[in-house]
Amino acid sequence: MSKINKLKILNDPIYGFISITNPLLYDLIQHPYFQRLRRISQMGLSYLVYPGAHHTRFHHALGCMHLMQRTVGVLRFKGVEISDEEENALCIAILLHDIGHGPFSHAMEHSIVEGVSHEDISIMFMDSLNEAFCGKLTLAIKIFRGEYHRKFMLQLISSQLDMDRMDYLKRDSFYSGVAEGNINSERLIQMFNVENDKLVIEEKGIYSVEKFIVARRLMYWQAYLHKTSVAAELILTKILKRARELTHSGVVLSASEPLLFFIKNTINKEDFTPDVLKKFSYLDDFDVVGAIKAWQFHDDFVLSELCKMIINRDLPKIRLQSEKASREEVNTLRERATRMLGISDKEAKYFVFEGKVKNQAYNKEGEPIHILHKDRTVEDVIEASDQLNLKALSKPVTKYYVCFPKQLLDEASI
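In this report, the structure presented in the accompanying data block is examined. (Residues numbered from 1 in each chain as written. Predicted model: local features only at pLDDT ≥ 70, side-chain atom pairs only at ≥ 80, totals over all residues. Heavy atoms only, no water.)

It is worth spelling out the packing of aromatic side chains at this point. Using the criterion set out here, one finds ten aromatic pairs in the structure. A centroid spacing of 6.2 Å and a plane angle of 45° characterise the contact between F301 and F351, whose relative ring orientation is tilted. Here F301 is found in helix α15 (residues 301–311), whereas its partner F351 is found in the loop between α17 (345–348) and β6 (353–359), with 50 residues between them in sequence. In this structure an aromatic cluster arises from ring pairing among Y33, F125, F261, F262, F272 and F280. (Phe/Tyr/Trp six-rings, centres within 6.5 Å; stacked < 30°, edge-to-face > 60°. Helix = DSSP H or I, 4+ residues; strand = E, 2+ residues; numbered from the N terminus.)

Looking now at the sheet that holds strand β5 (residues 317–321). Across the sheet, which stays open at both edges, the three strands sit in the order β5-β9-β6 with antiparallel pairing between neighbours. Two strands lie at the open edges of the sheet, namely β5 and β6, each paired on one side alone. Recorded for the sheet is a direction-independent mean angle of 25° between the axes of neighbouring strands. Across the sheet, helix α10 (residues 206–224) touches β6 and β9 (397–404), and the angle it forms with β6 is around 165°. Sheet strands touched by helix α16 (residues 327–341): β5, β6 and β9. Its angle to β9, the strand with the most contacts, is close to 25°. (Pairing = 2+ DSSP bridges. Axes fitted to C-alpha atoms, helices over the stretch in contact; angles between N-to-C directions. Contact = heavy atoms within 4.5 Å.)

Quick look at the environment of R242 now. Looking at the secondary structure, you find R242 in helix α11 (residues 227–248). Within the local environment of R242, its side chain forms a polar contact with the side chain of E347, the two groups lying 3.4 Å apart. (Polar contact = N/O pair within 3.5 Å; in protein donor to acceptor, adjacent residues only side chain to side chain.)

On to the pairing of strand β2 (residues 16–20). Across five bridges, the pairing between strand β1 (residues 8–12) and β2 is antiparallel. By the bridge assignment for β2, L10 is matched with I18. A loop of three residues connects β1 with β2, the two strands running antiparallel in sequence.

The final tally for this structure, using the stated rule, is zero disulfides. Among the cysteines around C91, which has no disulfide bond, C64 carries the closest sulfur, lying 11 Å off. For C91, a relative accessible area of 2% gives the class buried. (Disulfide = S-S within 2.5 Å. Buried < 20%, exposed > 50% of the residue type's maximum accessible area, 1.4 Å probe, protein only.)

Right, let's get into the packing of α11 against helix α12 (residues 257–264). The relative placement of two packed helices is expressed as an angle between their axes plus a distance between the axes. Closest axis-to-axis distance for the α11/α12 pair is 9 Å, and the angle between their directions is 75°. Regarding the angle of α11 to α12, the classification is roughly perpendicular. Between α11, through L240, A243, R244, T247 and H248, and α12, the contact on the second element is made entirely by L259, F262, I263 and K264. For the contact of α11 with α12, a count of residues per class yields five nonpolar, two polar and two charged. (Parallel < 35°, antiparallel > 145°, perpendicular 65-115°, else oblique. Nonpolar A, V, L, I, M, F, W, Y, C, P; charged D, E, K, R; others polar.)

To continue, consider the nonpolar core. If you look at soluble globular proteins, the nonpolar side chains tend to sit buried side by side. By size, the foremost hydrophobic cluster in this structure holds 144 residues, and its most contacted members are L95, M166, I213, I239, F272 and W295. The contacts of L95, once residues within four sequence positions are left out, are L25, L28, I29, F34, A61, L62 and M65. (Core = buried A, V, L, I, M, F, W, Y, C linked by side-chain atoms within 4.5 Å.)

So, on to the pairing of strand β4 (residues 198–202). Burial within β4 is extensive, with four of its five residues counted as buried. In terms of strand pairing, strand β3 (residues 192–195) meets β4 through four bridges, oriented antiparallel. Within the sheet, the bridge partner assigned to V194 lies in β4 and is L199. Counted along the chain from β3 to the antiparallel partner β4, the turn is two residues long, and its residue N196 has a positive phi close to 50°. Of the pairings in the sheet, the one linking β4 to strand β7 (residues 370–372) comprises three bridges and is parallel in character.

Evaluated as defined, the whole model comprises 22 salt bridges. Between E186 and R70 there is a salt bridge whose closest N-O contact spans 2.4 Å. Placement of the pair is E186 in helix α9 (residues 185–190) and R70 in helix α3 (residues 57–77), with a sequence separation of 116 residues. By sharing partners, the salt bridges in this structure join R242, E245, D300, K346 and E347 into a single network. (Salt bridge = Lys/Arg side-chain N within 4 Å of Asp/Glu carboxyl O.)

Before going further, it helps to examine α11. Taking 1.5 Å as the rise per residue, α11 with 22 residues should run 32 Å; its terminal C-alpha atoms sit 32 Å apart, in good agreement. Downstream of α11 by a residue or two, G250 has a phi angle that is positive, lying close to 100°. (Expected span 1.5 Å × (residues − 1).)

Across a sheet, strands are paired by hydrogen bonds formed along the backbone, either parallel or antiparallel in direction. Across the sheet, which stays open at both edges, the four strands sit in the order β3-β4-β7-β8 with mixed pairing between neighbours. Two strands close off the open sheet at either side, each with one partner strand: β3 and β8 (378–380). Within the sheet, the average angular offset between the axes of one strand and its neighbour, ignoring direction, is 45°.

Turning to α16, a few remarks are in order. Between its first and last C-alpha atoms α16 spans 21 Å; for 15 residues at 1.5 Å apiece the expected length is 21 Å, and the two agree. If you check which residues of α16 are buried, you get V330, L333, R334, R336, A337, T338 and L341. Count one or two residues on from α16 and you reach G342, which has phi positive near 65°.

Distances and angles like these do not, on their own, reveal function.
Okay, structure coming up:
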């Protein structure tokens, strides 16, 4: 019987050919935990705004692995010693960095499981896989947790200029068609170096870094925080909240077994046993979409109407503004909703609600992006750049929103 060839080449629309360079990477990609990422949308419900944005976490993870392989090659060329074991661990860590995402990625981060981040769940999956693969992921997990002595390796996986951000900006820009988010990842990688165990960008790459930071800001406002995407994702969380409320009051809802488990049970970090992790691994976008399709015909008006909003893309009006909506304005909208929709004050909160979104392209309080000058001195890109707008981009910008059903506009101008 012939052995399976585990050295594969995949065709990617962003980078061309991506290589799976060893059998362990192949086996991890083939594992059901990783294959599940094919059914997790990368940009949540953004496809309701940008019809092409149907790509998945699976695409993104493979893209990140490819960028890591390219980066290791560049660093070795510049004299940075990286062993084959370290390279393999870096590729594993970046491949699995998002494996803990739930349905629709960030859109439902704290709706399915409360108080447990996708990073926490990613670590749980990694530990489980490490057991299944007889400890072969130990170094990757050590790097991912920031426990490895070579600190620049963590920066490649998680920092303000890492493989994750470089892939998602380029990939999300491509699939959404938002050209402003496109970055030159190849140029950035060619400019990488390591100085005193810090990941740095050589001085001549500073313009590519400036472009990267600006692209990130534009992608957040134009795509990730697009007001229609925000409205859709908020409705999605309201649907789960209502489903949970009805279930706890004794109403029987039809849904897949994994989804019903997380609706019926409030799961915290301490409750995440191996059995719960297994149940979570069966959960993806399809469970949620299937449930919403069924629930649009439910007798409960609130659940039914919220589901129809997503299925038919009949989303609520959302207003983004620099000032928080007044209590009087929100109360007026809620009173109008109770009267026009024939619902209670409590139910009106599912249809009229407020909140805020924040965009910070560069966090000067965090680990900076280091620029390496020709005299070997290292400086924060904010100080090294002659672009004054980079200082402005490091300040968080907060916008407030108020959401309400469109039919409320029919009664009077608001």
